Amino acid sequence: MKNIKSNKSIGRMLAGGVLFAMLAGYGSQSLAADFPTRPINLIVPYAAGGSSDLSARPYAEELGNILKQPVVVMNKPGAGGAIGAAEVARAKGNGYTLLNASIGNITIAPYTSNVGYDHTALRAVAQMTDIPLALTVKADSSFKNLKEFVEYAKKNPGKIRYGSPGAGNIQHVTTEGWMKDIGIKLTHMPFAGANPAIAALLGGHVEATVTGVTEAAPHHKSGALRILGITSPARIDMVDAPTFKEQGYDLQAGVWYGVMAPASTPDDVVNALAAALKKTYDSPKVQSAWKKLFLIPSYLGPAEFGARVKKEAAVNEQVLKDIGLHKK
Amino acid sequence: MEFQTFQAIPEAFLQVMSLTCLAWIAIGTIVGILFGAAPGLTATTAVALFTPITFYMPLNVSLSFLMGVYCGGFYAGSIPAILINTPGAPGNAATVMDGYPMAKKGRAGEALGHSIVASWLGGTASAFALLIFAPLIASMALQFGAPEYFAVAVMGLVCIAGVSGKCLAKGVAGAAIGMVLGTVGMDPIDGLPRFTFGNLNLMGGIALIPALVGLFAITEVLAKAEMIGVSTGEEIICQVKRALPPLKDYITYKYLLIKSIVIGIVVGAIPGTGPTIASWMSYNEAKRTSKHPELFGTGIPEGIIASESSNNAVTGGALIPLLTLGVPGDTVTAVLLGALMIQGITPGPMLMVEHYDIVAQLLIILLVANMVMLAMGLLGSKYFPYILKIPFQVLMPIVAVLCITGGYAVNTSFFDAMMVVVLGSCGYLLVKLGFPVAPIVLGLILGPIIEPNMRRALVGEDLNPLVFISTPISAGLILLSFVLLYFMKRRG
């Protein structure tokens, strides 16, 4: 008897809850203060164990602790990150489906193929890490600095072969844009990822590579390779290498990872998430995990991150048009 | 270096011999065996899934667990290969050739026994190779540029002749079908979508695991469905007298073993190749040099031993470029790279010098994991064949469900699950028309190695076709391919 009674009351509570939720749907703005009330899915658009996955795992756990709701990492790999990104772009903008976005799937993939979204389908929440690119040569190469490299390339167009982690990757697109700016011609050799490109450089099958500094740094430290320049605005702690800027070349680029949400996500949910992400970012545990993975922590809030995405998307779209990779 | 080596090993041994490490090696091996044995799930999936768990473990525990998964996974793919004609992972595809016919003859237990012992020998030998020859093999792997990769894959193509069955033309046609399927997706050199028909899911290409599961397992399920209700003339007897194969077999096959293991270690050490190519090459080589090549494919131990010793030898081989150069040798070691980095260890040239103790630990763990794998495998070999006692009409639907789930699980993709069904149905039709499945899979694996490397080699040398014979390694490999073909043709 008692059971039936309690079942009834549970039923009433459920009905009330449903009604409340329906009303809440109309006034979701005012309820964002309670966000989140259920687990959040963080879509990683690459396979488990890859660098996108590794960048997300440390902060997902901490973000869950801060928000008091689990943040579940879901790997949706395929099509260079476009499948997972497209899924988030199509999702409801309620803050419960987020994307561990990166420069390639947001500022390049939408312009090379019909992926069904572009950066305007998503809202920037927070940038978490940023890894500069590195132009690297073998340690016994005759190029001691960028100037020598560029001078040789000017006199011998196409003679220097540079390996990249893949055609249409940010490393490729950035290098092509830079070549055009300063008027040199290098021969592009795309590989299936940064590690094979580095292996080809170590074996002398290419003369240079453009990869994330992460992959080049250990070899620079061991003395097998030499990083001629990194594309960050200033030198970084991870590796003792000069920047492009200090050698007189205006090239700034980086592979960033950050959180993006569907474009329809309301402001206060985005702000609540960004605040929680800032706290996550400041946690020493997360910082040390990233540093071990050679990911360079670099936080940008919704406005700055959004501006960066917009600017880079425009630049990359133009370069893709110039090099004939833009979708027809 | 030598002196340091001897000092580090006993210490590492003591570290690994703790209860925690041994327990985690055992857990890892069990996880690896489960993932390896389930069609569609592989050692790569397991290592990738469990790597985040190891983030907060101490280093030796993390390595114990992951190495256990790695070794167990590479071996266990042979279990379904032998029992249900479905390799658990691409690296075990060659095991199907003789493993399944042997099981059909009622010798499943024996086949499994050969598989586990050969896996153990391969894995253990490769661990020692890692210790002794690592720097030498690593520097050799670096010699491999685009022309050399092309030449290795061409040599792999020669294997098609060995696995084509009755009709060579159909084998070659199958390989061509596989290679065409391999061109779907992003163009590896130009970075533009190709044959995707505007479908986003096809941009990543036809994933290997769903293709493998579809072509082998679904095809087999459909073929078996035909036999339901018909009295099966080939009742499988699954009494297992002994799982441990007689030692004298291995003395007889010593050259076969040595060759297969060397192929496994060397191919494993070349980044971007892996167990599939190694096991097919070993199988082919075993068949070519055998006194009775006509018996290959009918269910003889040599076929299983060649394939399994070789694919487990890849484990130690693939760790060589990872530990010495910081360049992963295959997909599993690519995930391991992340697992090591989170522990604050950067694999690369300095690791051997600065942290030899870690390398020594890894070696001991690898040896222990192989022992645990042997024990579990021998025990299991007695009982796994009982799976075959399950009637077809019960077993085959279970296999089909597992396959489709496995196809989904790799990338959490419904599209991949559909690919399993579509490719399985196509595979069934092809088999009915007399096309063997193995060459299709081989084409699908080799195509994406041959094409980008051929184009990369040509682009790098101003489109000069002589690039393929301009270095000693690539010229030698191409010459060797022709020599192999000639001998295979002469022997029929």
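Residues numbered from 1 in each chain as written. Chains lettered and ligands numbered in written order. Predicted model: local features only at pLDDT ≥ 70, side-chain atom pairs only at ≥ 80, totals over all residues. Heavy atoms only, no water.

Novice: Break down the overall build of chain A for me, citing the residues and quoting the values.
Specialist: Looking only at helices and strands, chain A has 13 helices and 10 strands in total. Burial status across chain A gives 57% buried among its 328 residues. Considering only residue pairs separated by 6 or more positions, chain A has 76% of its internal contacts joining residues 24 or more positions apart. On chain A, roughly 13,900 Å² of surface is accessible, and the fraction owed to carbon and sulfur atoms is 56%. (Helix = DSSP H or I, 4+ residues; strand = E, 2+ residues; numbered from the N terminus. Buried < 20%, exposed > 50% of the residue type's maximum accessible area, 1.4 Å probe, protein only. Contact = heavy atoms within 4.5 Å. Areas by Shrake-Rupley, 256 points an atom, 1.4 Å probe, with all protein chains shown as cover.)

Novice: Can you break down the packing of helix α13 (residues 275–289) of chain B against helix α14 (residues 301–325) of chain B residue by residue, with the values?
Specialist: All names here are of chain B. As a packed pair, α13 and α14 sit with axes 8 Å apart at the nearest point and diverge in direction by 150°. Regarding α13 and α14, the two cross each other, and that crossing is right-handed. On the side of α13, the interface is formed by P275, A278, S279, S282, Y283 and A286, while α14 contributes G303, A306, S307, S310, N311 and V314. Its residues placed into classes, the contact of α13 with α14 shows 6 nonpolar, 6 polar and no charged. (Axes fitted to C-alpha atoms, helices over the stretch in contact; angles between N-to-C directions. Left-handed = near helix turned anticlockwise from the far one by under 90°. Nonpolar A, V, L, I, M, F, W, Y, C, P; charged D, E, K, R; others polar.)

Novice: So what's going on with the side chain of A:S55? Which residues, and what values?
Specialist: Residue and element names in this part refer to chain A. Checked against the element boundaries, S55 lands in helix α3 (residues 51–67). From its side chain, S55 meets the backbone oxygen of S52 in a polar contact 2.8 Å long. Not counting chain neighbours up to four residues away, the residues in contact with S55 comprise N100, T129, Y257, W290 and L295. (Polar contact = N/O pair within 3.5 Å; in protein donor to acceptor, adjacent residues only side chain to side chain.)

Novice: I'd like a rundown of the interface of chain B and chain A, residues and numbers included.
Specialist: If you look at the interface, chain B gives 40 residues, while chain A gives 39 residues. A combined buried area of about 3,200 Å² lies between chain B and chain A, and 68% of that area is made up of carbon and sulfur atoms. Three residues, B:L142, B:L200 and B:R456, lead the burial of chain B against chain A; their summed loss comes to 18% of the area buried on that side. Taken together, the connections running from chain B to chain A amount to 1 salt bridge. In this structure, B:E461 and A:R161 form a salt bridge, with 3.3 Å as the shortest nitrogen-oxygen distance. Of all the secondary-structure elements, those providing two or more residues to the side of chain B that touches chain A are α3 (43–54), α15 (331–342), α16 (349–354) and α20 (437–460) of chain B. The greatest single-element share of the side of chain B that touches chain A, amounting to 5 residues, is contributed by α15(B). Among the residues making up the side of chain B that touches chain A, the classes are represented as 23 nonpolar, 13 polar and 4 charged. (Buried area = accessible area lost by both parts, 1.4 Å probe. Salt bridge = Lys/Arg side-chain N within 4 Å of Asp/Glu carboxyl O.)

Novice: Mind laying out the domain arrangement of chain A, listing which residues take part and the relevant values?
Specialist: Residues and elements named next belong to chain A. If you check the domain split of chain A, you get domain 1 (39–130 + 255–322) and domain 2 (132–247). Inter-centroid distance (C-alpha atoms) of domain 1 to domain 2 is 26 Å. Listed by partner, the interface residues are 11 residues for domain 1 and 15 residues for domain 2. Roughly 1,000 Å² of surface becomes buried between domain 1 and domain 2 when both sides are summed, with 79% attributable to carbon and sulfur atoms. For the domain 1 face of the interface with domain 2, the top three residues by lost area are V255, F294 and I296, together amounting to 47%. Viewed at the interface, domain 2 and domain 1 are joined by 1 salt bridge. If you look at where domain 1 meets domain 2, you find 2 residue pairs in polar contact (both at pLDDT 80 or more). Take the side of domain 1 that touches domain 2: its biggest share by element is 4 residues, from helix α13 (residues 302–322). Looking at side-chain class alone, the side of domain 1 that touches domain 2 contains 8 nonpolar, 1 polar and 2 charged residues. (Domains from an automatic or database assignment.)

Novice: Quick rundown of the packing of aromatic side chains? Include the residues and the values.
Specialist: Counting across every chain of the model gives 19 aromatic pairs over all chains. Centre to centre, the rings of B:W24 and B:F65 are 5.3 Å apart; their planes meet at 85°, and the pair counts as edge-to-face. With B:W24 in helix α2 (residues 19–37) and B:F65 in helix α4 (residues 59–76), this pair connects stretches of sequence that are 41 residues apart. What makes B:W24 partly exposed here is its relative accessible area of 26%. For B:F65, a relative accessible area of 3% translates into the label buried. Between B:Y486 and B:F487, the ring centres sit 5.6 Å apart and the planes meet at 70°, which makes this aromatic pair edge-to-face. Ring pairs connect the aromatic residues A:Y59, A:Y281, A:W290 and A:Y299, which therefore count as one cluster. One cation-aromatic arrangement involves B:K170 over B:F435; the distance from NZ or CZ to the ring centre is 5.6 Å. (Phe/Tyr/Trp six-rings, centres within 6.5 Å; stacked < 30°, edge-to-face > 60°. Lys NZ or Arg CZ within 6 Å of the ring centre and 35° of its normal.)

Novice: Account for a nonpolar patch on the surface, naming residues and giving values.
Specialist: Taken together, the side chains of B:I387, B:I390, B:V394, B:I398 and B:L402 present a nonpolar region at the surface, about 370 Å² in accessible area. One can find B:I398 in helix α18 (residues 392–411). (Patch = residues over 30% accessible without salt bridge, like charges linked within 9 Å, V, L, I, M, F, W, Y side chains within 5 Å.)

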